[in-house]
Every structure is written in C-alpha cells, then in structure tokens.
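Each chain is listed here by its residues.
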Amino acid sequence: MSKLEQILILEPPVDLKFKGPFTDVVTTNLKLKNPSDRKVCFKVKTTAPRRYCVRPNSGMIEPGSFIIVSVMLQPFDYDPNEKSKHKFMVQTIFASPHVTDMEAVWKDAKPDDLMDSKLRCIFELPSENDKVNDIESSKATPVLNASKQDGSSLPKPTSMSLDDTEMRKLMEECKRLQSDVMKLSDENRQLKDDGLRMRKVPRSDNMPTNTGGLMGRDNSSSSLPSLLVVLAAIFIGFFLGKFIL
C-alpha cells in the first residue's frame, strides 16, 4: 500500500529560512493549514533538537483551520563555509471526531496512516543593502514615534469642537455675565457718588460716631462690588479662553 500524501498545506512548503546575524535567537514561522473536513493531529520533529525551540511542537488542527508554528534557532557561531544539514519533519495523522487523547492517537497509529513532509534549514546573512535599510529604519523610527507623540498631544478638532446648541448656550452665558458686570459697575459708580456727596455734607458735632460708621459702611460697600467685578472678569476670560479660543 502506497504512503498517504500529506493532507496539510505548509507555508513555506520546502525551506525554513533563518536570517542572521545569529548572535541572538532567530525565529521563523511555519503555517500549517488543514483544508480537509477532518481533524488532523501533527508533530514537528528536527534532526537538531538542541539547536531549536519549537512552539507548539504538536497539537490538533480543526477542519478548515490553521496554526502557526514558531521555530526559534538558538544563537551560534555562524560559518558561511559550512552548509546546514538541519532538517525538519511535519508528521500528521487523521483523528476521529471525538478524540481527546492525542497520545493515544499516536500510540495506536499504523505506519500506513502516517503522513509527513520534510523541510530543510537555510541560513542567510543580511546583505549590505539590508544592513543599510535596517540602519535607516532604526533612525527613522524615533522620529516617527516623536511625531506620533506630538500628534497625540495636540487637540483633535473634531472631538474638541462644540456643537451649535452648546455654542449658543455659551454665548448666552457670556452675555449674562457681561450684563451682571455692567450692573455691578453701575452700582459701584452709584455708591462712589453717594460717598462723595456724604463727604461734602457738613459734619454735625453731635453725630461724629454715626458719620464715621456711615463712611465705613460706604467704603466697605464700594469695595465689595469692585471685587465682584474683578472676579466676574476673571471668570469670563477663563471661560472664553477655554472653550472658544
């Protein structure tokens, strides 16, 4: 009986390429897609298990689904004259619809039920153009991040804009405050005039205390509206500067 053809679609199908430098972990991805209407169990094996870390190295793929396997090459001293002899094999088998124990599936599997695909490993060093592009991209990244941060700090016209109803309410409130300020100014002016008239009235020897008390009340009364005018002006300036400007 001939061996079953691999049911999974592998991307990449033949070569696993690892791009240096190899002074740090280099990762490449392997996509396993199940185009069938049955569950498929898989295992990923390698001829150099100490040199690679595979996640996940086994599992089950649902019908019409796929999984991404990360193959991580550990750091090593790369010799361009040495050809890589490392290989990977993806071994698969169909699983019953209600299977729960994958170990039992592999244990009970017959050789004729197994399917496999082999991939070879290729090590590549970055070219001079790639190095230049990496340097330029690393220089451009901080500038791009800075522009994003500056853009995020700027106010957004759409979110900060006021609709017509709020604008009308704001204008009405400003007009009301301006009217209150004008009224307070008129009252302040009237109180000042009354104080001047009181100073011009001849003092009576019999009422020194009452006149002094009256003048004290006039001075305190005149200072109170002035304070209110200042507070109202500050409030209007803050209100207009925050919402309109």
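Worth saying up front: this structure is predicted, and the values here are computed from it rather than measured.

Peer 1: Help me understand the confidence of the model for the protein in this model?
Peer 2: In low-pLDDT regions, the fine details of the predicted coordinates are not to be read closely. In this model, the protein carries a mean pLDDT of 77, and residues with pLDDT of at least 70 account for 66%. Contacts for the low-pLDDT stretch residues 204–211, under 50 throughout, to residues beyond four places or in other chains number 0 contacts.

Peer 1: Explanation requested: the sheet that holds strand β3 (residues 26–33) in the structure shown.
Peer 2: By definition, the strands of a sheet pair up through backbone hydrogen bonds, in either a parallel or an antiparallel sense. Read across the sheet, 4 strands follow the order β1-β3-β7-β5 without closing on themselves; strand pairing throughout is antiparallel. A single partner strand is all that each edge strand has here, and the edge strands are β1 (9–11) and β5 (52–55). When the angles between neighbouring strand axes are averaged without regard to direction, this sheet yields 20°.

Peer 1: What's the story with the nonpolar core in this structure? I'm lost.
Peer 2: Side chains that are nonpolar tend, in soluble globular proteins, to be buried together. Within the largest apolar cluster, 24 residues are counted, with the highest numbers of intra-cluster contacts made by F18, L32, Y52 and F88. The set of elements that each furnish at least two residues to this core consists of β2 (15–19), β3, β4 (39–46), β5, β7 (66–73), β8 (87–95) and β9 (115–124). If near-sequence neighbours (up to four positions away) are discounted, F88 is found in contact with L16, V44, K45, T46, Y52, V54, V71, S117, K118, L119 and C121. Grouped together as the second largest cluster of nonpolar side chains are 7 residues, A95, V99, W106 and L114 included.

Peer 1: Would you explain unusual backbone geometry in this entry?
Peer 2: Among all residues except glycine, the phi angle is most often negative; among peptide bonds, the trans geometry is most common. Note the cis peptide between E11 and P12, where omega equals 0°. Here P12 shows up in the loop between β1 and β2. Between G20 and P21 the backbone carries a cis peptide bond, its omega angle lying at 5°. Summarising the element assignment, P21 is placed in the loop between β2 and β3.

Each value, and the rule that gives it
Residues numbered from 1 in each chain as written. Predicted model: local features only at pLDDT ≥ 70, side-chain atom pairs only at ≥ 80, totals over all residues. Heavy atoms only, no water. pLDDT = per-residue confidence, 0-100. Contact = heavy atoms within 4.5 Å. Pairing = 2+ DSSP bridges. Helix = DSSP H or I, 4+ residues; strand = E, 2+ residues; numbered from the N terminus. Axes fitted to C-alpha atoms, helices over the stretch in contact; angles between N-to-C directions. Core = buried A, V, L, I, M, F, W, Y, C linked by side-chain atoms within 4.5 Å. Buried < 20%, exposed > 50% of the residue type's maximum accessible area, 1.4 Å probe, protein only.

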